[in-house]
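Letter by letter, the chains look like this.
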Amino acid sequence: MSTDQRFGLDRRVTLTGPLALDGGGMLSPVEIAYETYGALSPARDNAILVCHALTGDQHVASPHPRTGKPGWWTRMVGAGRPIDPARHFVVCANVLGSCMGSSGPASLDPASGRPWGMAFPVITIRDMVRAQALLLDHLGVETLLAVVGGSMGGMQALSWPATFPHRVRACVAIATTARHTAQNIAFHEVGRQAVMADPRWAGGAYYGGEPPAAGLAVARMAAHITYLSEAGLTEKFGRRLQARGAKSFGFDADFQVESYLRHQGLAFVDRFDANAYLYITRAMDYFDLAEEHGGRLANAFADTTARFCLVSFDTDWLYPTAESRAVVHALNAVGRAASFVELSSPYGHDAFLLDVPELIRVVDGFLRGVE
Amino acid sequence: MTVLRPDLAIIADHVAPGASVLDVGCGDGALMAALRDQRGVDARGLEIDAANVAAAVARGLPVVQGDADVELAGYPDASVDYAILSQTLQTCRAPDRVLDELLRIGRHAFVSFPNFAHWRVRLSLLWGGRMPVTRLLPERWYDTPNIHHVSVDDFRAFLRDRGVRVEDAWFLAGDRRRGAAAANLLAEHAVFLLRRC
């Protein structure tokens, strides 16, 4: 197995597809950057697909090649963790539209030989899921033991059994929603407008020159606020001043929270493509699982036999508990086996990535119950 | 294998193997786990306490966090063989509506509750003049979750008024089964198996 070039860290594959997109049109070829951990069992029944969030990547449990930081979900994936390469064949792929090696606006348009830019087709969460299915075909995985994700990863996780009812046995959707609300769309639009208002954006044709770093940094700052709770911000920063004894009566980053957000913005532009940010936030805004199924969310889950586990956090105001509960109601309406718990955490939306021992225990027990 | 609470053991003994069950107020899932492991039952649960839900889900049980007073409305008619409400009726804000939902969702319903007319409770009120604190009702008046105390005879009258058929009933005193005779005075705990007429 170890000699099979399809498996391992930092893999890339070019699939012919073609991938039919929700927005019309076809994408071919489809490039996918991904990683696998552990070995596919002889019965091919131990595969778990981990789906990443908006600005995430395929390095779920291995160091990020550019920043050197550990994988983004080592609490969930790794030896002795709920998703354990000793038991599971773990797949994590960079989503379609992103910029970590999968096809996106920064990758080359085979027709022109230049980066796609805004000529890249607008994609949806379901398109991301269909691209993942192409990858699983390539890897020889017909049925997933589970699909697991938080935030936008949770949208993909919910979209999986709705799109491929018989290819997935369990779905773990954390801190997520079955549709973007007006408020969710509004925050994303602020971010997109910040990018597009940066003169360096140049209609998306900035490749080869200076990227719209200032606009993207502002987008990230605004979004970052939505990932944290008010109580969490107060506890972390309060009104404390940044390395100074008094207010400057100017517009420097007087407050620690300003300095923190500026740092978050600057660190982000080093690792993320502005156009990819536009495309992925658009995909999230277009996400409405009920709309895709005749306006009734329960219809999305009518054909699957998958078991579901949903987790929300009490301080998450981006995708609050009511959104998870709406999914649970839809699952109950069609008699699906569902688990749901609202966990307490001070961390807001970001809690799914942070130290919440109950989350680990819940996901571990749920997955063992499915195996 | 932990030993089930006596009222849960009665319920577990009378659920048909392979049946489907919704356990409302399932706690940490002890009954659900027993039904699944010993009788191959497809058991789902609803529980209000997050720590209990986490414990149940960690046992691999499909349990949803929610309030029986609110969340039952979303379950389809006759979608399970048995809807179970153990030691929860007396904590509901609207026990009458919860019972209606139970009989709508389940083809049968198990309901167990502590009998507030047990002689110890009566004595405590009659001689002590104080709200009773007993083995099955251990909380004090201000911190008890039990907001709708009910006796065996209250419950029977309630069922009669609403035209609910009693398929079977079991009574417990000191964790032992006892007969139906004078149950309103002598039973600490009652378990009813019901169905809509």
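For the structure given in this document, a descriptive report is provided here. (Residues numbered from 1 in each chain as written. Chains lettered and ligands numbered in written order. Predicted model: local features only at pLDDT ≥ 70, side-chain atom pairs only at ≥ 80, totals over all residues. Heavy atoms only, no water.)

Here we look at the overall build of chain A
Counting secondary structure elements, chain A contains 10 helices and 10 strands. Relative to the 2.2 N^0.38 estimate, which gives 21 Å for 371 residues, the radius of gyration of chain A is 20 Å and therefore close to what a compact globule would have. Looking at the 371 residues of chain A, the share that counts as buried comes to 56%. Look at the contacts in chain A between residues 6 or more apart in sequence, and 72% of them connect residues 24 or more apart. About 14,700 Å² of surface is accessible on chain A, with carbon and sulfur atoms providing 55% of the total. (Helix = DSSP H or I, 4+ residues; strand = E, 2+ residues; numbered from the N terminus. Rg over C-alpha atoms; globule rule 2.2 N^0.38 Å. Buried < 20%, exposed > 50% of the residue type's maximum accessible area, 1.4 Å probe, protein only. Contact = heavy atoms within 4.5 Å. Areas by Shrake-Rupley, 256 points an atom, 1.4 Å probe, with all protein chains shown as cover.)

Quick word on the overall build of chain B
Helix and strand content of chain B: 8 helices and 8 strands. Whereas a compact globule of 197 residues would reach a radius of gyration of roughly 16 Å, chain B reaches 16 Å, a difference of no more than 12%. By its C-alpha atoms, chain B is 50 × 35 × 30 Å across when sized along the principal axes. Taken over 197 residues, chain B has a buried fraction of 50%. A total of about 8,900 Å² of accessible surface is found on chain B, and carbon and sulfur atoms cover 52% of it. Positive and negative side-chain charges in chain B, numbering 23 and 25 respectively, have mean positions lying 5 Å apart. (Lys, Arg positive; Asp, Glu negative; His and termini not counted. Charge placed at Lys NZ, Arg CZ, Asp CG, Glu CD.)

So, the side chain of B:D67
Residue and element names in this part refer to chain B. Of note, D67 is situated in the loop between β3 (63–65) and α4 (68–71). Here R93 takes part through its side chain, which lies 3.1 Å from a polar atom of the side chain of D67. With sequence-adjacent residues up to four places away left out, D67 is seen in contact with L46, I48 and R93. (Polar contact = N/O pair within 3.5 Å; in protein donor to acceptor, adjacent residues only side chain to side chain.)

Topic: a nonpolar patch on the surface
All names here are of chain B. A surface patch of nonpolar side chains, about 620 Å² in accessible area, is lined by W119, L123, L126, W127, L185 and L186. Secondary-structure elements contributing two or more residues to the nonpolar patch are α6 (119–128) and α8 (183–186). Of all the elements, α6 adds the most residues to the nonpolar patch, at 4 residues. Within the element layout of this structure, L186 appears in helix α8. Residue classification places L186 among the partly exposed residues on the basis of a relative accessible area of 30%. (Patch = residues over 30% accessible without salt bridge, like charges linked within 9 Å, V, L, I, M, F, W, Y side chains within 5 Å. Salt bridge = Lys/Arg side-chain N within 4 Å of Asp/Glu carboxyl O.)

Details of the environment of A:M284
All names here are of chain A. Along the chain, M284 turns up in helix α7 (residues 274–286). Here M284 falls in the buried class, since its relative accessible area comes to 2%. Separated by 32 residues in sequence, M284 and D252 have C-alpha atoms that sit 34 Å apart. Ignoring any residue separated from it by four or fewer positions in sequence, one finds M284 in contact with L54, I125, M152, M155, H180, H188 and Y319.

Notes on the interface of chain B and chain A
Between chain B and chain A, the contact holds 19 residues from the first and 21 residues from the second. Of the roughly 1,500 Å² buried between chain B and chain A, counting both surfaces, carbon and sulfur atoms make up 52%. When the buried surface of chain B facing chain A is broken down by residue, B:V57, B:V64 and B:Q65 rank first, second and third, together holding 29% of it. For the pair chain B and chain A, the interface holds 12 residue pairs in polar contact (both at pLDDT 80 or more). Of all elements in the fold, only α3 (50–58) and β3 of chain B reach the threshold of two or more residues within the side of chain B that touches chain A. Ranked by the residues each element gives to the side of chain B that touches chain A, the list is headed by α3(B), at 7 residues. (Buried area = accessible area lost by both parts, 1.4 Å probe.)

Digging into the pattern of salt bridges
Residues and elements named next belong to chain A. Applying the stated criterion across every chain yields a total of 29 salt bridges over all chains. Salt-bridge contacts for E292 lead to R126; the nearest nitrogen and oxygen are separated by 3.7 Å. With E292 in the loop between α7 and α8 (297–300) and R126 in helix α1 (residues 125–139), this pair connects stretches of sequence that are 166 residues apart. E292 gets classed as partly exposed once you look at its relative accessible area, which sits at 22%.

Let's talk about the packing of aromatic side chains
Enumeration according to the criterion identifies 21 aromatic pairs over all chains in this entry. With centroids separated by 6.1 Å and ring planes inclined at 90°, the aromatic side chains of B:F171 and B:F192 adopt a geometry described as edge-to-face. Here B:F192 lies in strand β8 (residues 189–196) and B:F171 lies in strand β6 (residues 164–173), a separation of 21 residues in the sequence. Looking at B:F192, the relative accessible area reads 0%, which means it is buried. Site record: aromatic cluster; members linked through ring pairs are B:F113, B:F155, B:F158, B:F171 and B:F192. Positioned above the aromatic ring of A:F164 is the side chain of A:R167, whose terminal nitrogen or guanidinium carbon lies 5.8 Å from the ring centre. Against the face of A:F268 rests A:R220, its NZ or CZ located 4.6 Å from the ring centre. (Phe/Tyr/Trp six-rings, centres within 6.5 Å; stacked < 30°, edge-to-face > 60°. Lys NZ or Arg CZ within 6 Å of the ring centre and 35° of its normal.)

So, the packing of helix α3 (residues 182–197) of chain A against α7(A)
All names here are of chain A. Packing of α3 against α7 leaves a shortest axis separation of 10 Å and a crossing angle of 160°. By the angle between their axes, α3 is roughly antiparallel relative to α7. Here α3 runs over α7; the crossing is left-handed. Note on element contacts: α7 touches α3 through A274, L278, T281, R282, M284 and D285, opposite N184, I185, H188, R192, V195 and M196. (Axes fitted to C-alpha atoms, helices over the stretch in contact; angles between N-to-C directions. Parallel < 35°, antiparallel > 145°, perpendicular 65-115°, else oblique. Left-handed = near helix turned anticlockwise from the far one by under 90°.)

Section: the side chain of A:S345
All names here are of chain A. As for its placement among the helices and strands, S345 is situated in the loop between β10 (338–343) and α10 (357–370). Looking at S345, the relative accessible area reads 6%, which means it is buried. Beyond its immediate chain neighbours, meaning those up to four positions away, S345 contacts F313, D314, T315, A351 and V356.

Quick word on the state of the cysteines
Linking two cysteines covalently via their sulfur atoms produces the bond known as a disulfide. All names here are of chain A. As enumerated under the stated definition, the model contains 0 disulfides over all chains in all. Here C92 is not disulfide-linked; the sulfur of C51 is the nearest cysteine sulfur, at 7.5 Å. C309 forms no disulfide, and the closest cysteine sulfur to it belongs to C171, at a distance of 8.7 Å. (Disulfide = S-S within 2.5 Å.)

Quick look at helix α7 (residues 152–162) of chain B
All names here are of chain B. Residues of α7 that are buried include every one of V152, F155 and L159, and no others. Axial view of α7: buried residues confined to an arc of 65°, hence all on one face. Turned more than 90 degrees off the buried face of α7, the exposed positions are R160 and D161. Contacts made by the buried residues of α7 are with α5 (95–105), β5 (106–114), β6, α8 and β8. Following α7 by one or two positions, G163 adopts a phi angle in the positive range, close to 65°. (Arc of directions from axis to C-beta.)

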